[in-house]
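# Chain and residue survey
What follows is the residue order along each chain.
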Amino acid sequence: MLQFILYCDLSTMNCTALDINEELSSFAKSYLQVNNALWFFKYPNIFAGSYLPKEEHLFYDHFEKFTSESSIIFLSLLDDKYYYNLPEIADQFLCSD
């Protein structure tokens, strides 16, 4: 299972946190909304019919529709080389299968 971090400055986007949650529910195995700007989600490591990197594929398929030229959105695949200070619930989510 691949783990991703998603940051969205919703004041610059054409959606709400509820819209992001609904979109994540449509494709992610599970997700956690940490606050109004930060999400973590898990996505199967399977070929999805696109040779684009997973992050780019997920952005174009699921989040581009919420953006404009001035939108701020960050999507990244997490690996085991990161450091974080997050609420315990986020730490538990990242450490679970």
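Residues numbered from 1 in each chain as written. Predicted model: local features only at pLDDT ≥ 70, side-chain atom pairs only at ≥ 80, totals over all residues. Heavy atoms only, no water.

### A short note on the pairing of strand 2 (residues 30–33)
Stated precisely, the cut-off is as follows: Being paired, for any two strands, means DSSP has found at least two bridges between them. Labels follow the DSSP assignment, with helices taken as runs of H or I lasting at least four residues and strands as runs of E lasting at least two, numbered in each case from the N terminus.
Bridge count for strand 2 against strand 3 (residues 38–43) is four bridges, and the pairing is antiparallel. Looking across to strand 3, one finds that L32 is bridged to F40. The antiparallel pairing of strand 2 with strand 3 creates a hairpin that spans four residues between the two strands.

### So, the nonpolar core
Stated formally: To qualify as a nonpolar core, a set must consist of buried Ala, Val, Leu, Ile, Met, Phe, Trp, Tyr and Cys residues joined through side-chain atoms within 4.5 Å. Only protein chains enter the accessibility calculation, which uses a 1.4 Å probe. A residue is then buried if its area is under 20% of the maximum for its type, exposed if over 50%, and partly exposed in between. Should any heavy atoms of two residues lie within 4.5 Å, those residues are considered in contact.
L6, I20, F27, W39, F41 and F63 are the most contacted members of the largest nonpolar core, which has 20 residues in total. Secondary-structure elements contributing two or more residues to this core are strand 1 (2–8), helix 1 (17–27), strand 3 and helix 2 (54–63). Each residue touching F27, except ones within four places of it in the same chain, is listed here: F41, Y43, L58, H62 and F63.

### Brief notes about the environment of L2
Here L2 shows up in strand 1. A residue is classified by how much of its surface remains accessible, and L2, at 15% relative accessible area, is buried. Sequence spacing of L2 and L77 is 75 residues, and the spatial spacing of their C-alpha atoms is 7.1 Å.

### Description of the packing of aromatic side chains
This is how it is decided: Stacked, edge-to-face and tilted labels apply to pairs of Phe, Tyr and Trp rings (six-membered ring for Trp) whose centres lie within 6.5 Å, assigned for plane angles under 30 degrees, over 60, and everything in between, in that order.
Under the definition given, this model contains six aromatic pairs. Ring geometry for F4 versus F41: centroids 5.0 Å apart, planes at 10°, classification stacked. A residue pair is termed long-range when its members are at least 10 positions apart, and F4 in strand 1 and F41 in strand 3 qualify at 37 residues. As far as the burial class goes, F4 and F41 line up, both buried.

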